[in-house]
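A closer look at the structure
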Protein chains: 2
Amino acid sequence: MAENLVNFGILGCAKIAIKLARAINLAPNSILYAIASRSLEKAKQFATQNGLPETIKIYGSYEELLDDPSIEVVYLPLPTSLHVQWAVLAAQKKKHVLLEKPAALDVGDLDKILEACVSNGVQFLDGSMWLHHPRTMKMKELLFDSNLVGQVDFIHSTSTAKVPPEFFENNIRVKQDMDALGVLGDLGWYCVGAVLWAKNYRLPNVVSALPAGVTKNSAGIVLSCTACLNYDQDHKTVAIIHCSFFSYTSMDLSITGTQGSLHLKDFVIPYQEGSAFFDLASPATFMDDQTGWNVKTEKVVVDNETPQEALMVQELARLAQGIKKCGFPPDNRWPEISRKTQIVVDAVKKSIDLDCKPVYL
Amino acid sequence: MAENLVNFGILGCAKIAIKLARAINLAPNSILYAIASRSLEKAKQFATQNGLPETIKIYGSYEELLDDPSIEVVYLPLPTSLHVQWAVLAAQKKKHVLLEKPAALDVGDLDKILEACVSNGVQFLDGSMWLHHPRTMKMKELLFDSNLVGQVDFIHSTSTAKVPPEFFENNIRVKQDMDALGVLGDLGWYCVGAVLWAKNYRLPNVVSALPAGVTKNSAGIVLSCTACLNYDQDHKTVAIIHCSFFSYTSMDLSITGTQGSLHLKDFVIPYQEGSAFFDLASPATFMDDQTGWNVKTEKVVVDNETPQEALMVQELARLAQGIKKCGFPPDNRWPEISRKTQIVVDAVKKSIDLDCKPVYL
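Computed from a predicted model, the values in this text were never measured in an experiment.

**Considering the overall build of chain A**
Tallying secondary structure elements over chain A gives 10 helices and 16 strands in all. On C-alpha atoms alone, chain A measures out to a radius of gyration of 21 Å, which is about the 21 Å that the 2.2 N^0.38 rule sets for 361 residues. Its C-alpha atoms give chain A principal-axis dimensions of about 70 × 50 × 40 Å. A burial count over chain A gives 61% of its 361 residues as buried. Considering only residue pairs separated by 6 or more positions, chain A has 70% of its internal contacts joining residues 24 or more positions apart. Counting every atom, chain A has about 13800 Å² of accessible surface; 51% of that belongs to carbon and sulfur.

Okay, here's the thing in structure tokens:
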């Protein structure tokens with residue numbers, strides 16, 4: 001049985017690693033095989049505190065974990081500035097790479113990682129969990145197969161989280177040498193990803209940050225940002241993204257098209273595991289006397305036995321098995337999604353750096 | 001009994017007049033007393049087709065209706081270009097004015113109307129029905145009294161309606177000599193009004209249309225528009241408005257603040273009469289392991305026996321009675337709301353005319 005399970009190793013004991021350790025063991029085709037921290041003590045503590053089984057290997061350095069030939073996939077929840085170094089090394093050691101988002105500090109860095117994955121024949125996947133939720137699949141089906149929303153005119157996406165004051169002092173997400181993209185990398189990555197997803201991964205023509213929407217700390221790290229992504233090909237689409245460390249939790253995605261609209265308020269992390277929903281208005285018109293709507297918004301519920309993060313792990317383990325057992329090539333689709341997301345995140349950053357001038361792609 | 005009812009006259013037989021005729025008779029303190037069209041035939045046809053009682057007076061000219069001393073309030077569902085002429089004359093004839101939105105083509109025109117109302121001691125109210133729904137009152141209470149959302153960081157408001165192709169040829173809303181504000185006046189008025197409402201009627205500092213969001217017809221009338229309204233005083237707020245004749249029905253209002261968020265998708269016209277709802281997330285945080293939300297969005301339901309348009313009529317009739325019976329002065333609050341809305345609509349229009357340059361208020 002265990003030989004059919006893909007062995008995962010976790011490189012770094014960040015908080016998000018707890019969620020992934022659980023996900024790796026929930027996914028039916030993977031198992032958590034090893035964890036590593038820069039100190040053996042910290043890794044042991046992480047294993048004990050999170051009730052990991054004693055059979056798990058514990059390493060006191062990242063290199064040792066990467067040298068373990070039993071490990072097939074490495075999950076890297078490291079500060080973004082360390083992604084190139086460790087993801088490239090993981091690929092060179094023939095490990096498939098599950099890289100926490102933002103994938104890299106810029107597309108130049110990401111390309112180094114993706115090239116290492118290609119030349120070593122390993123799969124790359126970034127940690128955008130929501131793309132693996134069956135709700136996302138269902139929405140995609142309605143958007144692209146059934147065309148229930150028609151052509152997309154307007155997209156609104158937010159990802160905000162109110163953080164405690166000490167976050168602004170200590171957290172890696174506001175440090176130039178750790179996560180120089182700030183809120184753009186941490187939360188904006190989701191908004192940009194949602195817009196690209198809704199446009200079936202077409203890149204926008206122009207990206208502009210909105211002057212009043214940008215707040216930075218004294219080191220120049222972006223703490224909140226509103227930006228406009230414009231599409232001119234085929235059908236004109238305007239997308240607004242808003243990410244902030246100041247507002248309360250929000251993760252809205254609204255897509256308005258020529259035939260209907262689609263709304264959800266928890267697109268990044270569903271309100272609860274096991275079941276999620278979205279609202280679909282299509283076709284909705286007014287009653288003749290304009291006293292109400294002819295068709296009310298429909299609540300579309302999508303159940304999922306397995307949480308989205310475990311489905312993400314399952315997808316990567318499936319691809320890893322296909323490469324190993326059937327000689328399949330790595331799936332290009334996932335690194336392409338990451339690369340396009342990075343290109344647009346970079347463009348928002350560039351627009352901010354240019355005092356909110358438009359950046360053409 | 002009838003002497004306690006305020007007599008309304010309707011000036012013009014536009015489609016929206018059907019809704020208001022019903023509302024005037026649903027409101028407990030008003031009655032529809034007369035209608036006028038530019039031709040007696042058209043006015044008679046309107047009365048018959050809409051089952052109005054035979055007791056209603058029917059006039060074949062606007063002047064005759066305004067000369068009827070029994071009429072206390074006049075509702076004007078006229079093309080915007082005719083507002084100044086007829087609203088000023090109505091005020092001069094000592095009629096209270098219920099003016100369909102957009103109130104005027106620009107604030108200069110609106111000021112002529114408001115000055116006529118002030119100097120003649122009559123009440124002014126524009127036709128923004130949603131401001132009179134008890135759901136709006138409930139949201140206001142939670143926003144401003146209970147402070148459940150905290151300080152407002154981000155507002156998103158849309159008003160879109162997909163119109164048939166012939167609309168673009170014939171409708172008054174796309175004609176330079178009728179409704180030169182186009183979609184900005186017809187639908188954008190609501191979005192701007194919602195932002196001002198959410199900011200307790202503070203004006204934004206800067207208004208900018210977003211280049212890719214603007215579509216005009218060959219006559220230069222705006223058919224779709226996305227714009228950004230920025231607030232810098234006290235607390236930085238970014239508001240995005242989007243109005244369009246191309247997208248399917250949407251009327252979203254989302255308010256995200258430091259303590260929570262508030263969402264509704266039918267703010268202009270509720271899905272149905274009798275009951276409406278909005279979603280409130282406050283306080284919503286993630287569970288420690290980030291697998292879900294600690295508090296789900298709460299659905300707040302607000303019942304209303306009387307439809308919002310009848311509540312609007314009721315408010316105006318109440319004010320008219322106060323002026324007549326108790327010698328109260330007209331309520332300044334309503335014309336101020338209209339005037340601020342007009343100022344911001346004008347600023348969006350100006351930004352569009354300046355190739356989307358920012359307009360400072």
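**Section: the nonpolar core**
If you look at the biggest cluster of nonpolar residues, it comprises 121 residues, and the most contacted ones within it are L11(B), W197(B) and I255(B). If you look at the next biggest cluster of nonpolar residues, it comprises 120 residues, including Y59(A), L76(A), V302(A) and A347(A).

**A few points about the interface of chain B and chain A**
The interface of chain B with chain A comprises 58 residues on the first partner and 58 residues on the second. Together, the buried faces of chain B and chain A total about 5000 Å²; carbon and sulfur atoms form 61% of this surface. Of all residues in chain B, Y248(B), Y271(B) and W293(B) give up the largest surface area on contact with chain A, accounting jointly for 16% of the area buried on that side. Counting the contacts that link chain B with chain A gives 2 salt bridges. Across the pair K265(A) and D279(B) runs a salt bridge whose closest N-O atoms are separated by 2.8 Å. Our count for the chain B to chain A interface comes out at 15 residue pairs in polar contact (both at pLDDT 80 or more). Of all the secondary structure elements, the ones that give two or more residues to the side of chain B that touches chain A are helix 1 (15-26), strand 7 (152-160), strand 10 (222-231), strand 11 (237-244), strand 12 (253-257) and strand 13 (261-264) of chain B. Per-element tally for the side of chain B that touches chain A: the top contributor is strand 7 of chain B, with 5 residues.

**Description of the relation of the copies chain B and chain A**
Laying chain B over chain A is done by rotating through 180 degrees and shifting 0.0 Å along the axis; what remains is an RMSD of 0.0 Å. The superposition operator between the copies reduces to a two-fold rotation axis. Take the interface residues of chain B: 100% of them recur as interface residues in chain A, which is what a same-surface contact looks like.

**Looking at the packing of helix 5 (residues 107-119) of chain B against helix 10 (residues 333-353) of chain B**
All names here are of chain B. Contact pair helix 5 / helix 10: the axes reach a minimum separation of 9 Å and the direction vectors enclose 165 degrees. Compared by their axis directions, helix 5 and helix 10 come out roughly antiparallel. As helix 5 packs across helix 10, the resulting crossing turns out to be right-handed. Contact residues: V107, L110, D111 and L114 in helix 5; P335, S338, R339, Q342, I343 and D346 in helix 10. Looking at the contact of helix 5 with helix 10 residue by residue, the classes come out as 5 nonpolar, 2 polar and 3 charged.

**Focus on the UniProt feature "domain: GFO/IDH/MocA-like oxidoreductase" (unreviewed entry) in chain A**
Sites flagged by UniProt as "domain: GFO/IDH/MocA-like oxidoreductase" (unreviewed entry) map to residues 139-262 of chain A. Between the first and last C-alpha atoms of residues 139-262 of chain A the distance is 8 Å; the span itself is 23% helix and 32% strand.

**Thoughts on unusual backbone geometry**
A cis amide bond links K101(A) to the next residue, P102(A), at an omega of -5 degrees. Within the fold, P102(A) resides in the loop between strand 5 (96-99) and helix 5 (107-119). One non-glycine residue, N147(B), lies in positive phi territory at about 55 degrees. Counting through the fold element by element, N147(B) comes out in the loop between helix 6 (134-145) and strand 7. Phi angles above zero are rare outside glycine, and Y201(B) is one such case at about 65 degrees. Residue position: Y201(B) is located in the loop between helix 8 (183-198) and strand 8 (206-209).

**Quick word on the environment of H263(A)**
By the secondary structure assignment, H263(A) is in strand 13 (residues 261-264). Judged by its relative accessible area of 8%, H263(A) is buried. Taking the C-alpha atoms as reference points, H263(A) and N50(A), 213 residues apart in sequence, are found 36 Å from one another. If near-sequence neighbours (up to four positions away) are discounted, H263(A) is found in contact with L253(A), S254(A), F278(A), D279(A), D252(B) and K265(B). A distance of 2.6 Å separates a polar atom in the side chain of H263(A) from a polar atom in the side chain of D252(B).

**Re the pattern of salt bridges**
All names here are of chain B. Taken as a whole and assessed by the stated rule, the structure comprises 30 salt bridges over all chains. Among the ionic pairs, D68 bridges to K57, the shortest N-O distance being 3.7 Å. Separated by 11 residues along the polypeptide, D68 in the loop between helix 3 (62-67) and strand 4 (73-76) and K57 in strand 3 (residues 57-59) bring together distant segments of the chain. On the basis of relative accessibility, which here comes to 4%, the residue D68 falls in the buried class. Since its relative accessible area comes to 36%, K57 is described here as partly exposed.

**A short note on the side chain of S208(B)**
In this structure, S208(B) sits in strand 8. Other than its neighbours up to four places away in sequence, S208(B) contacts A227(B), C228(B), S351(B) and P358(B).

**Digging into the sheet that holds strand 3 (residues 57-59) of chain A**
All names here are of chain A. Here 6 strands make up an open sheet; going across it, the order is 3-2-1-4-5-6 and the pairing parallel. Both edges of this open sheet fall to strand 3 and strand 6 (124-126), since each of them pairs with a single strand only. Across this sheet, the average inter-strand angle for adjacent strands is 25 degrees, counted without regard to direction. Pairing between strand 5 and strand 6: 3 bridges, direction parallel. If you follow L99 over to strand 6, its bridge partner there is D126. In this fold helix 9 (residues 308-326) packs onto strand 1 (6-11), strand 2 (30-36), strand 4 (73-76), strand 5 and strand 6, with an angle of close to 165 degrees to the strand it touches most, strand 5.

Conventions adopted
Residues numbered from 1 in each chain as written. Chains lettered and ligands numbered in written order. Predicted model: local features only at pLDDT ≥ 70, side-chain atom pairs only at ≥ 80, totals over all residues. Heavy atoms only, no water. Helix = DSSP H or I, 4+ residues; strand = E, 2+ residues; numbered from the N terminus. Rg over C-alpha atoms; globule rule 2.2 N^0.38 Å. Buried < 20%, exposed > 50% of the residue type's maximum accessible area, 1.4 Å probe, protein only. Contact = heavy atoms within 4.5 Å. Areas by Shrake-Rupley, 256 points an atom, 1.4 Å probe, with all protein chains shown as cover. Core = buried A, V, L, I, M, F, W, Y, C linked by side-chain atoms within 4.5 Å. Buried area = accessible area lost by both parts, 1.4 Å probe. Salt bridge = Lys/Arg side-chain N within 4 Å of Asp/Glu carboxyl O. Polar contact = N/O pair within 3.5 Å; in protein donor to acceptor, adjacent residues only side chain to side chain. Least-squares fit on C-alpha atoms with pLDDT ≥ 70 in both. Axes fitted to C-alpha atoms, helices over the stretch in contact; angles between N-to-C directions. Parallel < 35°, antiparallel > 145°, perpendicular 65-115°, else oblique. Left-handed = near helix turned anticlockwise from the far one by under 90°. Nonpolar A, V, L, I, M, F, W, Y, C, P; charged D, E, K, R; others polar. UniProt positions renumbered as here; feature names shortened; annotations may be inferred. Pairing = 2+ DSSP bridges.

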